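An overview of the molecular structure
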Amino acid sequence: MSTSLLLLLLLALEAPSSVTAKLADRGRFVQSKKERSGTEHLLNSRVYGTNTIPHRKIASQEQRQQQEEQEILPIEGPKYRGKLRWDAAESNARRQASRIDESFGTSLDSELSFGNEFERELGSQLTGCCSNWKGFSADNLCYKYGQNCATGATPSHDSGDADCSMAGLSFIGVSFSVNTASGNPYSYQLNDQFPMENIIDRNYDYVMSMDEDGWLVGGGYKSFDYSGKMPYIDSSHTELLRIGSLDTAYGGTTIEQVYEAMSFISFPPFSIFPEYVKGGGGHHSGDNDEDEVPSGDVTLIVSVVEEFEDNDNYSLYEQFLDNLFNAMDAVNGGPCMDDHDTDPHVSMARGVKFKSSYHETQYFYKVNLEVAVWQAMYPNGVVIGSNGKASFPPNRATKNRSYVGYGNLYFFFDRANITKAFPPNRDLYSSESYYSTLTQSDVSSFYAKTTTISFNYEQRSGSKNNKNQYYEHNPYAWNAKMAMHDMTDGWDLPPNCNQEGETFLGIPLSRRSGSKLQSTATFQNQFDFEYLVDRNFTYIKKFGTNHGWLIGEVLNNGPASIVDKDTSHIPLFYTGTTNPNMGGLSLSNIIKVVKEVNFGTLYIKPAFLFQDEDGAIKLQFEADANSALGYLYDNLCKMLGLSWNYHSPSNKYGLYTNCAMHASGDRATYGCGPDNANSGGFCPQMTIAYSAKFQSSNHAAAFFSRGNSYVDYWRSLYPNGVAVGTDSFCKNGGCLGLFLNRYDLYQVFKPDLGGSWVEYNGATLAPTLSPAPTARGGCDNPHNSHLDRCFRKMHPRKASAVAWQSLGPVGQLSVFLVSFMAITLSLSIFLARARKKRRRGESYLGFLVRDLRKSGKKRGLNPSSKKKKRRTKNKDLEEDMLGDRPPRHRSKSKSRSKSRSHKSGESRSKSRSHKSGESRSKSRSHGMGGEESSSRHRSSSRHGGDRESKRSSSRHHRSSSKSRSSSKRREEGHEHRSRGSSRRRSNSRDGKASRSRSRSRREGISIPGDDVMSRRQLV
């Protein structure tokens, strides 16, 4: 009987399974095993010279050639290098199969084939997934996965008002927001009095971990913070009155009603007194577990200083509250508003886990000593405010930026968005102004004097006072299931990791949301998750956190949840902090390692909608360990996982992290689901909302029934899963994303080593291609189109672009500076010429056009005339410079200077021009040849005629008469003038006479000789 059962079992193994998922052609995989020779079997065996590798039939040379013609074998890459490695698991399986073979007398070599994990085709392995449970509905799969899809969490208590069916988070309060260098640059500076960054532990000296929001005070977080916290602005505040929901259909109060009510009342500036910083509260995770660190909240307790006017029984603050409630009733405020004021406090952080009870004690002592300094600085409290500027709401920052001032109250739509400021009814008194501006001066003396804490700060919130409880984090209690983490609580870190981190690898699923403040790009068109949420709060009562629906919130949403963009995603592998000094792996090194992972197209398939034990609403996807997603998880663990349980990671760069939340020995088969062991970290889920509370258990059942009906539709639409993407993002689908946090997608990796690119904050950079295993045929083969070498060959760059890039940053900057200087110099020269030569009323543009035309005419002159002019100019050098010239006297320079002082219009250049004119006239009169002088005479007679000769002769007579009259005056009454002055005038007359003689000689008029002119000057 047993023999027949075994035979039936073997026949069942031989029969092909009816799987509709399309498998890629595995000819390359099988052929790579058949191509080995007997020598290769011996060389690659475990023991040298002994064939420990299981025997396989070796194909002949002709068969190999035929197979190579049909299939393209890899010639390099990890598959090629690792295909001959020996695997003990395969050998044991073969040994067991051989024992079955001996008992039944049959050969099972052709039926059983156990591949090495290094021989597994990671790229293009499957074109689908999740076929094992395709006949199951979402509700049935929910129970197969061990979840409950029929009930949900309900609130333990509510406001007590039956007319309020939607809880909300909007309120009126005081802001403690600061803008610091380490925080978000967009944080408001509304608090100059309390340096809130002094009471947080941004360096993780005491704190081990917190929820995903991190510190809510002290400046917020930047996008590229090592901790991977949400990049929110500083949202520190204290509530004075909880307005609640803003939807009147569910008992809320509109924003307009709040503004109208606040316009009816006035209030003085209220002083705030800091009390102490305390711990406790929260959901107390780990309080009853000795292996886990307890978590709680950190809160700054403050109080409003109550001032009384004469003969008043109620303080000014109590009168304000009474007037505010009356004003809200007058505008028909909704029943969701609180009936009493809240206890003033500032929530600093939630889900905080300290490294040990000792670290917790040290932290609270340090921060309360800071509070003691504040109490010493402000013994009677202080009015909160700032002398800077801000804009409310933040989406109109360029339009309504105004002075902040002191003593304002603010309306908070949610904790991160202030929409309006309400100023007090008076300015500060001199004493109030002194304390409010005290930090603008030196306050180091207060820190030097305050060395003790005079108040009790060891009281805690919540149901459990564990101030004397001893605990210490045990990193070796970490396990692989901790990767399934509640993001509203802190992490339990593994060994040698000193800082938490929210950075992870996953599948982006977000779409463009309807948020008016923030939006994101669309990463997939296959699923519309809007059908899974309850915008109208038909089923949902409230959320336990400030976050609403994580698939995107809109401004003016009813519960006043934080206005976030769509952050839908499936986290796959948490890499932890990106701070190498704290045990993490830098962002650039993560990208470097992941680029080497050859994964196939990632297919996903929705399974069911449910609520987990932490109250989060999640969409479960099928955890198929044999899919490309499962293979990718296996290899990420092998390359970047923790050294744990005798397993160590390995990658070719030698880059590792101590802060990943996955073990190197973890595999997809250890993950969640009916096919897996439910002991590992592989469980693809998408979180839709945190800590949701339903109206009732019936409402919860109806909500999940409605949502799972849509999941069943998606399951029928994609029976083998789907590779998500769009026409502009991951066109072929199935990409992997690197997230800085759930808010910011940074890097995207294409399957099959198809390249990667940066996708950050709505911007996209061009993909960069990574090396891939080459196929035969070179770049002519389409399989090699993604290689860098082939890509460059098919898309050659322009020579100009290559030359420009070859210059480098310094060369490009030098070219830019030289070009800039040349342009500015040209403009300066043009402006100088334009100011000097442009006509009256002529514009600069008109002068430019005229100047260009003039220069064009000059360029169009006859070349012979240019040569003639050039030869004429050079003739001056042949002139006898010393012949028949009066000697130079030293008084000539003195006469020049004297001439400058007496005649404002004359200059040294002018006197020089007289001499140059004389030399030019002599050269023209004596040095010209007969032919040239005759040509000049003909040209002058053509242009000037007799009129020119008459003008020349008249000039000559005027100059000679002027010289005679001046000499006569000099003889009569001016003998007291210096001899140098007379010589200067005579020299100037020489220049005039010589010019007139030269003109007359050119025009054919006889001029007296030089000796006659000399005699006339001496008379």
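Thoughts on the state of the cysteines
By the definition in use, this model includes five disulfides. Here Cys 129 engages in a disulfide with Cys 130; their sulfurs sit 2.4 Å apart. In this structure the cystine formed by Cys 129 and Cys 130 twists about its S-S bond by roughly -80°; its chirality is therefore left-handed. Each member of the pair Cys 129 and Cys 130 is classed as buried. The disulfide partner of Cys 497 is Cys 659, and the S-S distance across this bridge is 2.0 Å. Between Cys 497 and Cys 659, the disulfide has an S-S torsion of 110° and is therefore right-handed. In this pair, Cys 497 sits in the loop between helix H12 (444–449) and strand S12 (504–508) while Cys 659 sits in the loop between helix H14 (628–640) and strand S17 (685–689), placing the two residues 162 residues apart along the sequence.

Some words on the sheet that holds strand S16 (residues 617–621)
The strands that make up a sheet are held in pairs by hydrogen bonds between backbone atoms, and each pair lies either parallel or antiparallel. The sheet built from three strands is open, its strands ordered S15-S16-S17 with antiparallel pairing. Each edge of the open sheet carries a strand with a single partner, namely strand S15 (606–611) and S17. The mean angle between the axes of side-by-side strands here comes to 20°, regardless of whether they run parallel or antiparallel. As paired strands, S15 and S16 are joined by five bridges and run antiparallel to one another. Its bridge partner lying in S16, Leu 609 is registered against Leu 619. Here helix H15 (residues 697–717) sits on the sheet in contact with S15 and S16, set at roughly 170° to S15.

As for the sheet that holds strand S4 (residues 271–278)
Spatially, five strands are ordered S2-S6-S5-S4-S7 in an open sheet, and the strand pairing comes out antiparallel. Lying at the two open borders of the sheet, with one neighbouring strand each, are strand S2 (207–209) and strand S7 (382–383). Together, S4, strand S5 (296–304) and strand S6 (345–354) form the strand contacts of helix H10 (residues 357–377), whose direction differs from that of S4 by roughly 165°.

With respect to the pairing of S17
Side-chain direction in a regular strand flips from residue to residue, so the side chains alternate between the two faces of the sheet. In terms of burial, S17 is a largely internal element, four of the five residues being buried. As judged from the four bridges shared by S16 and S17, these two strands associate in the antiparallel manner. Looking at the pairing, Ile 617 lines up with Ala 689 of S17.

Concerning the nonpolar core
Counting residues in each nonpolar core, the largest one holds 173 residues, and the members touching the most others are Met 196, Trp 215, Leu 300, Met 348, Trp 549, Ile 617 and Leu 619. Leu 190, Ile 233, Phe 392 and Ile 418 belong to the second largest nonpolar core, which has ten residues in total.

Observations concerning the pattern of salt bridges
Evaluation of the coordinates by the stated rule reveals 15 salt bridges. When the shortest N-O distance is used, the salt bridge between Lys 229 and Glu 500 registers 2.9 Å. Of the two residues, Lys 229 is situated in the loop between S2 and strand S3 (237–244) and Glu 500 in the loop between H12 and S12; the sequence distance between them amounts to 271 residues. Summarising the burial analysis for this pair, Lys 229 and Glu 500 share the class buried. The partner of Glu 432 in a salt bridge is Arg 426, with the nearest N and O atoms 3.1 Å apart. For Glu 432, a relative accessible area of 10% puts it in the buried group.

Focus on the packing of aromatic side chains
A complete count under the given rule lists 46 aromatic pairs for this structure. Arranged with centres 6.2 Å apart and planes meeting at 65°, the rings of Tyr 259 and Phe 422 form a pair that is edge-to-face. Here Tyr 259 is found in helix H8 (residues 255–263), whereas its partner Phe 422 is found in strand S11 (residues 417–422), with 163 residues between them in sequence. When its relative accessible area of 25% is taken as the criterion, Tyr 259 is described as partly exposed. For the ring pair Phe 504 and Phe 739, a centre distance of 4.7 Å and an interplane angle of 10° mean the geometry is stacked.

Things to note about a negative patch on the surface
On the surface, Glu 306, Glu 318, Asp 341 and Asp 343 cluster together to form a negatively charged patch. Within the secondary structure, Glu 318 is located in helix H9 (residues 316–330). Relative accessible area serves as the criterion here: at 34%, Glu 318 is assigned to the partly exposed category.

Points about unusual backbone geometry
Not every positive phi belongs to a glycine, and Asp 752 is a case in point at roughly 55°. Mapped onto the fold, Asp 752 is located in the loop between strand S20 (745–749) and strand S21 (756–760). One non-glycine residue, Leu 753, lies in positive phi territory at about 55°. With respect to the helices and strands, the residue Leu 753 is situated in the loop between S20 and S21. With relative accessibility at 10%, the residue Leu 753 sits in the buried group.

Thoughts on a positive patch on the surface
A cluster of basic side chains, namely Lys 836, Lys 837, Arg 839 and Lys 854, defines a positive patch on the protein surface. When you line up the elements, Lys 837 lands in helix H18 (residues 808–837).

Some points on helix H13 (residues 587–594)
In terms of burial, H13 is largely enclosed, as six of its eight residues are buried. Every buried residue of H13 is accounted for by Leu 587, Asn 589, Ile 590, Ile 591, Val 593 and Val 594. Tucked into the core, H13 has its buried residues touching S12, H14, strand S19 (736–739) and S20.

Some points on the side chain of Ser 170
Within the secondary structure, Ser 170 is located in strand S1 (residues 170–175). The exposure class assigned to Ser 170 is buried, which follows from its relative accessible area of 0%. For Ser 170, the side chain forms a polar contact with the main-chain oxygen of Gly 244, separated by 2.6 Å.

As for the side chain of Ser 209
With respect to the element layout, Ser 209 can be found in strand S2. Within polar-contact distance, the side chain of Ser 209 engages the backbone oxygen of Trp 491 at 2.7 Å. Each residue touching Ser 209, except ones within four places of it in the same chain, is listed here: Gly 351, Val 352, Lys 353, Gly 490, Trp 491 and Glu 500.

Focus: the confidence of the model for the chain
Of all residues in the chain, 65% attain a pLDDT of 70 or more, and the chain-wide mean is 75. The low-confidence segment residues 67–89, where pLDDT is below 50, has 49 contacts with residues more than four positions distant or belonging to other chains.

Parameters at a glance
Residues numbered from 1 in each chain as written. Predicted model: local features only at pLDDT ≥ 70, side-chain atom pairs only at ≥ 80, totals over all residues. Heavy atoms only, no water. Disulfide = S-S within 2.5 Å. Buried < 20%, exposed > 50% of the residue type's maximum accessible area, 1.4 Å probe, protein only. Helix = DSSP H or I, 4+ residues; strand = E, 2+ residues; numbered from the N terminus. Pairing = 2+ DSSP bridges. Axes fitted to C-alpha atoms, helices over the stretch in contact; angles between N-to-C directions. Contact = heavy atoms within 4.5 Å. Core = buried A, V, L, I, M, F, W, Y, C linked by side-chain atoms within 4.5 Å. Salt bridge = Lys/Arg side-chain N within 4 Å of Asp/Glu carboxyl O. Phe/Tyr/Trp six-rings, centres within 6.5 Å; stacked < 30°, edge-to-face > 60°. Patch = residues over 30% accessible without salt bridge, like charges linked within 9 Å, V, L, I, M, F, W, Y side chains within 5 Å. Areas by Shrake-Rupley, 256 points an atom, 1.4 Å probe, with all protein chains shown as cover. Lys, Arg positive; Asp, Glu negative; His and termini not counted. Charge placed at Lys NZ, Arg CZ, Asp CG, Glu CD. Polar contact = N/O pair within 3.5 Å; in protein donor to acceptor, adjacent residues only side chain to side chain. pLDDT = per-residue confidence, 0-100.

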